[in-house]
Amino acid sequence: MMRIRKILAMSILIYSSVGCGDSAAPKEESAEVKKEPTATEQTAPAPAPEANTEKAVVSFKVNGVQAKTTKGGGNDNESQLGMLTAMNNQLGLDLLGDDPARPHRGWLHISIDNFKMEPASYTVSGSRAQFTRYETANAGGAKDYVATREAIDKGTEFTIQFTSVVKNEAAEFGEEWLVSGTFSSKMLIKEYSMVKRSSTEGLELSEGKFENVPVKILGKRK
């Protein structure tokens, strides 16, 4: 009986000690780590093409394909524009566009001697045309095609008809005119030797039309 009491007493003592130890020890707080919700990886949207705010309208076909003539954004943001040198009445008219499959718009540069500042027609006898195409989006890999009266470019054709040439009275800076008309051309790849043609590669521009293209006057006209 005594032994049983001793066993009970020892059990109570041990239990009390364990209990006290538990109450004395600081309880560990289960720190719940709050994870920030992982942001869903999103692909940045492609920049929207620059809105075409030009009043000038240009359209034409390159080898039968309707050209894209509006600005493409980035470094493809040149405007349809002409410049006339007042000293000799030489007009440089720059019209932009090319097959939509191309990475950058082409550049058609038309040069006309003794521009009359009135509705009139011009051909390669008094004008020249050069169309530059690009192979990269940053205007790399340029290749030129021309229509001129030079012997090496025999067979090329270029016609431009100005149907409207009016002064822009609302121009903000300097003297400016607005020109409209039509054009077409058969071109050959540009040869730099000017002696003998080594390639007959060419292209055709057809159904060309331009409206309200601004022409800036450089210098003072007489």
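One can find the structure itself at the top, above this paragraph.
Residues numbered from 1 in each chain as written. Predicted model: local features only at pLDDT ≥ 70, side-chain atom pairs only at ≥ 80, totals over all residues. Heavy atoms only, no water.

Lay out the overall build of the chain in plain terms, naming residues and giving numbers.
Within the chain, the regular secondary structure consists of 1 helix and 11 strands. Out of the 222 residues in the chain, the part that is buried amounts to 34%. Of all intrachain contacts in the chain linking residues separated by at least 6 positions in sequence, the fraction that spans at least 24 positions is 62%. Looking at the chain as shown, the accessible area adds up to about 14,700 Å², and 55% of this sits on carbon and sulfur atoms. (Helix = DSSP H or I, 4+ residues; strand = E, 2+ residues; numbered from the N terminus. Buried < 20%, exposed > 50% of the residue type's maximum accessible area, 1.4 Å probe, protein only. Contact = heavy atoms within 4.5 Å. Areas by Shrake-Rupley, 256 points an atom, 1.4 Å probe, with all protein chains shown as cover.)

Got a sec to walk through the pairing of strand β8 (residues 143-147)? Specific residues and values, please.
Among the 5 residues in β8, 4 count as buried, and that is most of the element. Sheet topology places strand β7 (residues 127-133) next to β8; 5 bridges connect them, and they run antiparallel. In the sheet register, threonine 132 faces β8, and the bridge partner there is aspartate 144. Relative to strand β10 (residues 176-189), β8 runs antiparallel, the two being bridged by 2 bridges. For tyrosine 145, the partnering residue across the bridge sits in β10 and is isoleucine 189. (Pairing = 2+ DSSP bridges.)

Break down the packing of aromatic side chains for me, with residues and values.
Counted by the stated rule, this structure contains 7 aromatic pairs. Measuring from ring centre to ring centre gives 4.9 Å for phenylalanine 115 and phenylalanine 162, while their planes differ by 65°; the resulting arrangement is edge-to-face. Taken together, the positions of phenylalanine 115 in the loop between β5 (107-112) and β6 (120-123) and phenylalanine 162 in strand β9 (residues 157-167) put the pair 47 residues apart, joining distant regions of the chain. Here phenylalanine 162 and phenylalanine 210 contribute two aromatic rings whose centre-to-centre distance is 5.6 Å and whose plane-to-plane angle is 75°, an arrangement assigned as edge-to-face. Of this pair, phenylalanine 162 sits in strand β9 while phenylalanine 210 sits in strand β11 (residues 202-218), and the two are 48 residues apart along the sequence. (Phe/Tyr/Trp six-rings, centres within 6.5 Å; stacked < 30°, edge-to-face > 60°.)

Mind laying out the nonpolar core, listing which residues take part and the relevant values?
Core analysis: the largest hydrophobic core is formed by 37 residues, its most contacted members being Ile160, Phe162 and Phe210. A per-element tally of this core places β11 first, with 6 residues. Non-local contacts of phenylalanine 210, meaning those with residues more than four positions away in its chain, are made with Val57, Val58, Leu93, Leu95, Ile160, Gln161, Phe162, Val179, Ser180, Gly181, Thr182 and Phe183. (Core = buried A, V, L, I, M, F, W, Y, C linked by side-chain atoms within 4.5 Å.)

Account for unusual backbone geometry, with residues named and values stated.
Residue asparagine 114 is not a glycine yet carries a positive backbone phi of 55°. By secondary structure assignment, the location of asparagine 114 is in the loop between β5 and β6. One non-glycine residue, glutamate 207, adopts positive backbone phi at about 55°. Turning to its location among the elements, glutamate 207 is positioned in strand β11. A relative accessible area of 56% means that glutamate 207 is categorised as exposed.

Residue-level account of the pattern of salt bridges, with values.
The final tally for this structure, using the stated rule, is 11 salt bridges. With a shortest N-O distance of 2.8 Å, arginine 197 and aspartate 153 are connected by a salt bridge. Of this pair, arginine 197 sits in the loop between β10 and β11 while aspartate 153 sits in the loop between β8 and β9, and the two are 44 residues apart along the sequence. (Salt bridge = Lys/Arg side-chain N within 4 Å of Asp/Glu carboxyl O.)

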